[in-house]
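Examining the three-dimensional arrangement
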Amino acid sequence: MGRSRHQKKEIEKVVRIAERLGWTFESRTNHLWGCIYCTGVPPDRCRVNIFSTPSSPENHAKYIAREVAKCPHTKLKENKP
Amino acid sequence: MTNQKIYEFTLVMSGVDPMDENFPNTVYELGGTDATISSRSGVVYVSFSRKSASLMDAIFSAIHNVEMANPKGTVVRVDDANLLNQAQIGELVGKTRQMVNQYISGKKGPGGFPAPACEFSNGKRLWDWSSTSLWFFQAGLLNLEQCKDAELIRAINNQLESRVLGAQNPKMVGEITKRMMSRPTTSKFPKRTIRQRNFKTATRPDHHPVG
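Residues numbered from 1 in each chain as written. Chains lettered and ligands numbered in written order. Predicted model: local features only at pLDDT ≥ 70, side-chain atom pairs only at ≥ 80, totals over all residues. Heavy atoms only, no water.

A closer look at the interface of chain A and chain B
A common measure of how large an interface is: the accessible area buried when the components associate. Each partner contributes to the interface: chain A provides 27 residues, whereas chain B provides 26 residues. Between chain A and chain B, roughly 2300 Å² of surface is buried when both sides are summed, and carbon and sulfur atoms account for 43% of that area. Summed over the three residues of chain A that lose the most area to chain B, namely Arg47, Phe51 and Tyr63 of chain A, the buried surface amounts to 28% of that side. Linking chain A to chain B there are four salt bridges. With a shortest N-O distance of 2.6 Å, Glu8 of chain B and Lys62 of chain A are connected by a salt bridge. Here chain A is connected to chain B by 18 residue pairs in polar contact (both at pLDDT 80 or more). Secondary structure elements with two or more residues in the side of chain A that touches chain B: strand 2 (32-37), strand 3 (47-51) and helix 2 (57-70) of chain A. In terms of residue count, helix 2 of chain A provides more of the side of chain A that touches chain B than any other element does, eight residues in total. Residue composition of the side of chain A that touches chain B, by class: ten nonpolar, eight polar and nine charged. (Contact = heavy atoms within 4.5 Å. Buried area = accessible area lost by both parts, 1.4 Å probe. Salt bridge = Lys/Arg side-chain N within 4 Å of Asp/Glu carboxyl O. Polar contact = N/O pair within 3.5 Å; in protein donor to acceptor, adjacent residues only side chain to side chain. Helix = DSSP H or I, 4+ residues; strand = E, 2+ residues; numbered from the N terminus. Nonpolar A, V, L, I, M, F, W, Y, C, P; charged D, E, K, R; others polar.)

In structure tokens, the structure reads:
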């Protein structure tokens, strides 16, 4: 059973990338569409809250992607020596 | 109508539970529709893309926004390039890490690069962006606005840190503030004091120790 798609394509794209990296999505209510959790163990695991209708979907997606990239538990490609 | 532009920055908070569902919803309702709230290793970060007339207005409206959303929460700093390594400095000024290294060593540029803010036992060094940005501005490699923004954020962070320390140990902070205000601002002594040191005119008995 899949999750609902975010209505903003930029945010949906970033959430899919996060899921491919092992992050899990949990649905929420009210202004929060949901939140994503990294592969870490609570209480150290990372969490990013995602609004249903942010004022700037592009910037919201950018910040979500940046938090996923900063996560110490997520394995990304090495980009620095 | 004042010119407004988008300012991007991140606030670091303490006293907010990363699992608190009410916090993001309340931030949104209080005007934080431009916020992205996340947590990493138990610390809550709130990133903003805020439209405002100035960076100072943007930051303080954001601080007000998040602290109203959770009265127990406190903004402890603006997480904006505080301490950087050479590669990160390079990214901010559009130069390679190797070029930044040459500025640091004095092989390129006007010399006098600021000393690192800290140095680890493994030799890694980090620089404070505020003083580093000033050097790049004076060397003609950074524009004035970027330099002023770094200086503003440093000043705001100093005040935020003082606020945290003042709440944790008000007695100590009060004593330090008192001593700072009573510190002499000039090395010159008034002439009246010199005359008083003339022992020949003093009325005390003449058996004081001769030093």
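Examining the sheet that holds strand 1 (residues 5-14) of chain B
Note on sheets: strands pair through backbone hydrogen bonds, and any given pair is parallel or antiparallel. Pairing is antiparallel in the open sheet, where seven strands are placed in the order 1(A)-2(A)-3(A)-2(B)-3(B)-1(B)-4(B). Whereas interior strands pair on both sides, the edge strands pair on one side only; in this sheet they are strand 1 (24-27) of chain A together with strand 4 (74-78) of chain B. In this sheet, adjacent strand axes meet at a mean angle of 25 degrees when their direction is disregarded. Direction of pairing for strand 2 (residues 35-40) of chain B relative to strand 3 (residues 43-52) of chain B: antiparallel, over a ladder of six bridges. Within strand 3 of chain B, the position partnered with Ile37 of chain B by the bridge is Val46 of chain B. Together, strand 2 and strand 3 of chain A together with strand 1, strand 2 and strand 3 of chain B form the strand contacts of helix 1 (residues 22-29) of chain B, whose direction differs from that of strand 2 of chain B by roughly 160 degrees. (Pairing = 2+ DSSP bridges. Axes fitted to C-alpha atoms, helices over the stretch in contact; angles between N-to-C directions.)

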